[in-house]
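Structural overview for review
The chain contents come next:
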Amino acid sequence: MLLIDTDPGVDDALALLMAYAHADVAALTIAAGNVGLAHTVTNALRLTELVAQNTPVFAGCAEPLVLPAADAAFVHGEDGFGDAELPLPRRSAEIEHAALALIRLTRERPGALTLVALGPLTNLALALRLDPSLPQRVARLVIMGGAVTGRGNTSVPAEFNIGFDPEAAHIVFSAWPQFELVDWEATLRHGIAMERFEALLAAGDARARLYDAISRKIRVFMRERGRPGLVLADALAMAVVLAPDCVTRAEHRHVAIELSGSLTRGATVVDWDGRSGKAPNARIVLELDQSRFESLIAGALGVG
């Protein structure tokens, strides 16, 4: 069963549709990131209504732990869903804070939950500060974040989720003994041809129609930048969660977060050659089966 911490977000939306199509979802904990917290919570509620699930949604941190950070509304739209003018959800978020929900839910189901972190790690870091024993109760942690050789998408070396709240990422990477990392560079290697993706949207059901509407802006953004296809970071991470055997190449390395560099704040620093003497804390996903990835997306959009 999945416990998903996220900041929906267009690519988060596809990842959530994949989760609902192929697994059970215990709860959604929501942070600010792609856009502000009010929008990310609203978008999470919209998605639960679309798939007719009463999954509890817990609002969390509205800003990074230490320093302010710019959102990604220029990519995702001011509302995070492509400014598609969707109706407001009828449901409301739970009263409990997301960080407290992470602690409580893992205590109620020790060893039974896979934690999937698709956004900035602010909620998870706060939960760890409140309860350092949290990792002992989580079966598996999969993080979408980082740029393992320094090819970022926010600054030169920093990926958005880590760069938005580097202190939170530092807390999580330092405290969690073993996690799986699906980084930005892996998503660049696993883009989906735009024609193929738009054919899936045309063939799908109501989920595909919603995703078509909210992804129009980001598809224009990708085309304008000459991307060979649609890059779907959170969906790639969710594929690793749902089908672990789709990973065809991965390496175990120690990964740390740079906090103070004037040019490198938010960088994921990978000890590729074991120079630090520190034990590996991350299984870095480098390649996966593209056809399996695309089949999981097709199922999430109601194709086939």
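Located above this text is the structure these notes cover.
**Quick notes on helix α10 (residues 206-224)**
The end-to-end C-alpha distance of α10 is 28 Å, a good match for the 27 Å that 19 residues give at a rise of 1.5 Å each. Burial in α10 covers these residues: Ala208, Leu210, Tyr211, Ala213, Ile214, Ser215, Ile218, Arg219, Phe221 and Met222. Those residues of α10 that are buried lie in contact with α1 (10-22), α2 (37-50), α3 (73-76) and α9 (194-203). With its phi angle positive at about 70°, Gly226 sits one or two positions after the end of α10.

**Quick look at the side chain of Asn43**
In this structure, Asn43 sits in helix α2. For Asn43, the side chain forms a polar contact with the main-chain oxygen of Pro8, separated by 3.0 Å. In this structure the side chain of Asn43 is engaged in a polar contact, spanning 2.9 Å, whose partner is the backbone oxygen of Asp79.

**Examining α1**
An ideal rise of 1.5 Å per residue puts 18 Å on 13 residues; α1 measures up with 19 Å between its terminal C-alpha atoms. Most of α1 sits inside the fold, with 11 of its 13 residues counted as buried. The set of residues buried in α1 consists of Val10, Asp11, Asp12, Ala13, Leu14, Ala15, Leu16, Leu17, Met18, Ala19 and Tyr20.

**A short note on the packing of α9 against α10**
Geometry of a packed helix pair, given as the angle between the helix axes and the separation of the axes. Where α9 meets α10, the closest approach of the two axes is 10 Å, and the angle between their N-to-C directions is 165°. Classified by the angle between their axes, α9 and α10 sit roughly antiparallel to one another. The handedness of the crossing between α9 and α10 comes out as left-handed. Facing Met194, Phe197, Glu198, Leu200 and Leu201 of α9, the residues of α10 in contact are Ala208, Tyr211, Asp212, Ser215, Arg219, Met222 and Arg223.

Conventions and cut-offs
- Every chain begins its residue count from 1, and numbering advances along the sequence as written.
- Under the rules for a predicted model, residues below a pLDDT of 70 receive no local features and side-chain atom pairs below 80 are neither given nor counted, while totals for whole chains, interfaces and linings still include all residues.
- Calculation of side-chain values draws on the structure's entire complement of heavy atoms; hydrogens and water are dropped beforehand.
- Strands here mean DSSP runs of E at least two residues long; helices mean DSSP runs of H or I at least four residues long; both are numbered from the N terminus.
- One less than the residue count of a helix, multiplied by 1.5 Å, gives the span that helix is expected to have.
- Whether a residue is buried, partly exposed or exposed follows from its accessible area with a 1.4 Å probe, protein chains only, as a fraction of its type maximum: under 20%, in between, or over 50%, in that order.
- Contact between two residues is taken to exist if any of their heavy atoms lie within 4.5 Å; hydrogens are not considered.
- What qualifies as a polar contact is a pair of N or O atoms within 3.5 Å, subject to a donor-acceptor requirement within protein and to the restriction that residues adjacent in sequence count only when both atoms come from side chains.
- Lines fitted to C-alpha atoms define the axes here, with helix axes fitted over just the stretch in contact, and angles between the N-to-C directions of these axes take values from 0 to 180 degrees.
- Each angle is binned into one of four classes, with values under 35 degrees roughly parallel, values over 145 roughly antiparallel, values of 65 to 115 roughly perpendicular, and all other values oblique.
- For a crossing to be left-handed, the near helix must be turned anticlockwise from the far one by less than a right angle; the clockwise case is right-handed.

These values are about where atoms sit, not about what they do.
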